[in-house]
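# A look at the structure
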Amino acid sequence: MSSTIYNHRSLQPTGPPTQGPSQHSHARLNEAFDTVRQEFDVITSDLGILRNQRDEYESKVTSQINELNIIRQSLYELESQHGKIRQQYEEELSRLRSELHAARQGIPAGAPPHPTVGPGTIGPAGPPAPPPSVPGVQPATGPGSYNDPYYARERDRDRDRERDKDRERLDRERERDLRERERDQRDREHHYSPSLGPGPTAKLPAPGSAPAFQGPGLPPPTSTHPPYAPGPGNLPPSSAVEQPSSAAGSMAPASAAPNGSQFPDDLDPHNVPPELKKEGVDWFAVFNPKVKRVLDVSLVHTLMHESVVCCVRFSADGKSLATGCNRTAQIYDTKTGLKTCVLADESAGKAGDLYIRSVCFSPDGKYLATGAEDKQIRIWDIAKKRIRNIFDGHQQEIYSLDFSLDGRLIVSGSGDKTARIWDMVENTSKVLTINDPDALNNDAGVTSVAISPNGQLVAAGSLDTVVRIWDVATGHLVERLKGHRDSVYSVAFTPDGKGLVSGSLDKTLKYWDVSGLLAAGTKRRDSATNGKKDLEKPSQCTMNFVGHTDYVLSVAVSHDGQWVVSGSKDRGVQFWDAHSAMVQCMLQGHKNSVISIDLSPAGNVLATGSGDWQARICALFINPETCSDAFWRFY
């Protein structure tokens, strides 16, 4: 038989199948699935319980936050009412004193004294008055008259009681006056310098410190009450000169102040109409009812620190914000509010405080310059978190720094009465010394410096009330701007370099027209080199900003020159229209002095640093139909 592929025997099973290992593994797998399912059910049940607990906790936290907000608002209202009651008390006390003085002056010779005015007379007592007459009883003329020893003893006891009351009241008033004067003096001497201990050199007063400064880890200082109007027991600083009684919030040419630029005198920030106020949880903005509202503001981030925030500064691209506090400079992302870098010199001495008074980014954003109480300028490589350069030379604390736009020069100001220009490439410096023969006083420490946009001029504000301007190329003084009545704490050039804004402890800002310095720069340098006077036609103050109720500690100008912003010891920030000379709004939220402010070069963000241990970032919005949209954009 021939064989083909179709001729084959079919294979048949010869017995029952055997139990292989695959069946056992299948059973174990089912058991494992059941175990996982049971564990998943348990975890799901636990998750549900945790979610319920989370919702409960969130509800409790929300309730507590609401209660805290209510308490905070009540405290604000009580603080406001306290200020009003105190003012009423001072006015009533002044009126009563005036009446008392008039009553004394009006007493004719030999006549019995007038009845006592107020709680009691002040000074020696007059002759005793007769007792009041009783109807139906004839006044006595003998031993029972008002000269009777019984009545004399009663009158003596009354006079003694009145004298004791007067003495106690006068002692209380003297103690209160002493406390107020000591507080004012303490604010003047230390309200920028967080280091309060005595030293070999006098401390430069520094803007807006808390009443007492504490180290890291301690709770921030409590809020201080707002400044009261000058009156009995609340005298103004001795160096301050009384300002004109114009309404708050006016910015006007020096020759006139239009009424439309002012906040009404009776405008109460806590009781303004809703359309004139924007309010957050712990901040509010009040808008000027006399001008069209074109600016809006909103709090974006609150950056908590472990000490007073002495300075804030944006990077050129506006993406980063640097702050300076005790021993560290910190960098934050302005979008997220997250801290991206902490710079601390571990080689610095550990004893005492070491506050970073000034910070400044290089234009390319690679470096951060810091000025501190140890008289050194440190240039940090931000990416490596290491020091690139240290500039030594100042003899006292460094209070201000500013980079030139090309990044080559950095200007510093110190309490040693000098400003210095440092060359980042050649590591050299040029000293700009204040040695005026007619100096207004002996203390001319430099509190603030700024370099003009074209890099040709350096401006410096100082404690002797003068703003000075030097030529960068020659180092010669080309201008002295006089007009402030107290120390100048902040200066800032306008973007075109033709204007300079200064802020002072006299509670005002001034705008100086320095366009002549730019137009005649070469001529002025030549005259300064030849020893000729070049100050015969000084730059003029063309605008005064009046509205703050306490020291102006920091000023900034917007990237397009449309707005001027100022921070003050009155805890407020004010926005001024630089062209129409009108205040737009007032921002309140910090619980202590606003020491430092800065506007982002990107044009839409404001930063503030305060003695309440906080820095804040606010978004700004503008109506594009009424103002330049080249500067303001939505956050």
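Attention here is on the structure that accompanies the text. (Residues numbered from 1 in each chain as written. Predicted model: local features only at pLDDT ≥ 70, side-chain atom pairs only at ≥ 80, totals over all residues. Heavy atoms only, no water.)

## Looking at the packing of aromatic side chains
Within this structure, the stated rule accounts for two aromatic pairs. Relative to W422, the ring of F391 has its centre 5.0 Å away and its plane inclined at 15°; by these criteria the two rings are stacked. Remark: W422 occurs in strand β15 (residues 418-423) and F391 occurs in strand β12 (residues 386-391); sequence separation between them is 31 residues. Exposure class is identical for F391 and W422. Each is buried. Plain terms: the ring middles of F545 and W576 are 5.3 Å apart, the flat faces sit at 85° to each other, and that makes the pair edge-to-face. Of this pair, F545 sits in strand β24 (residues 540-546) while W576 sits in strand β27 (residues 572-577), and the two are 31 residues apart along the sequence. This pair shows no difference in class: F545 is buried, exactly as W576 is. Sitting above the plane of the F284 ring, K277 keeps its charged end 4.7 Å from the centroid. Across from the ring centre of F287, 3.7 Å away, lies the NZ or CZ of R293, which sits over that ring. (Phe/Tyr/Trp six-rings, centres within 6.5 Å; stacked < 30°, edge-to-face > 60°. Helix = DSSP H or I, 4+ residues; strand = E, 2+ residues; numbered from the N terminus. Buried < 20%, exposed > 50% of the residue type's maximum accessible area, 1.4 Å probe, protein only. Lys NZ or Arg CZ within 6 Å of the ring centre and 35° of its normal.)

## Looking at the pattern of salt bridges
For the structure shown, the criterion picks out 20 salt bridges. Notably, a salt bridge pairs D464 with R468, separated by 2.7 Å at the nearest N-O pair. Taken as a pair, D464 and R468 share a single burial class, namely buried. For D550, the salt bridge is made with K569, and the minimal N-O distance between the two is 3.9 Å. Here K569 lies in the loop between β26 (563-568) and β27 and D550 lies in the loop between β24 and β25 (552-557), a separation of 19 residues in the sequence. Of the two residues, D550 and K569, both sit in the buried class. One continuous salt-bridge network, built from bridges that share partners, spans E92, R95 and E99. (Salt bridge = Lys/Arg side-chain N within 4 Å of Asp/Glu carboxyl O.)

## Re the side chain of S452
Residue position: S452 is located in the loop between β17 (446-451) and β18 (457-462). Engagement of the side chain of S452 in a polar contact is seen with the backbone nitrogen of Q456, the distance being 3.3 Å. If we ignore the near neighbours within four places in the chain, the residues touching S452 are L457 and F493. (Polar contact = N/O pair within 3.5 Å; in protein donor to acceptor, adjacent residues only side chain to side chain. Contact = heavy atoms within 4.5 Å.)

## Things to note about the environment of H548
With respect to the helices, strands and loops of the structure, H548 is situated in the loop between β24 and β25. C-alpha separation for the pair H548 and K507, spaced 41 residues apart in sequence, amounts to 5.7 Å. The contact partners of H548, leaving out residues within four places of it in the chain, are K507, L509, S566, S568, D570, G572, Q574 and W576. At 2.7 Å, the side chain of H548 and the side chain of S566 are in polar contact.

## A closer look at the state of the cysteines
Enumeration over the complete set of coordinates arrives at zero disulfides. No disulfide involves C325; its sulfur sits 7.7 Å from that of C310, the nearest cysteine. (Disulfide = S-S within 2.5 Å.)

## So, the sheet that holds strand β7 (residues 329-333)
An order of β5-β6-β7-β8 is seen for the four strands of this open sheet, with the pairing classed as antiparallel. One side of each edge strand has no neighbouring strand; the edge strands of this open sheet are β5 (311-314) and β8 (339-343). Taken pair by pair, the neighbouring strands of this sheet meet at an average axis angle of 20°, ignoring direction. Summarising the sheet, β5 and strand β6 (residues 320-324) pair through four bridges and their orientation is antiparallel. Across the sheet, R313 pairs through a bridge with A322, a residue of β6. (Pairing = 2+ DSSP bridges. Axes fitted to C-alpha atoms, helices over the stretch in contact; angles between N-to-C directions.)

## Observations regarding the pairing of β6
Within β6, four of the five residues are buried, which leaves it mostly tucked inside the rest of the structure. The turn linking β5 back onto β6 is made up of five residues, and G318 within it adopts a positive phi angle of 75°. In this structure, β6 lies alongside β7, joined through five bridges in antiparallel fashion. What sits directly across from A322, in β7, is I331. The turn joining β6 and β7, which pair antiparallel and follow one another in sequence, is formed by four residues; a positive phi near 75° is taken by R327.

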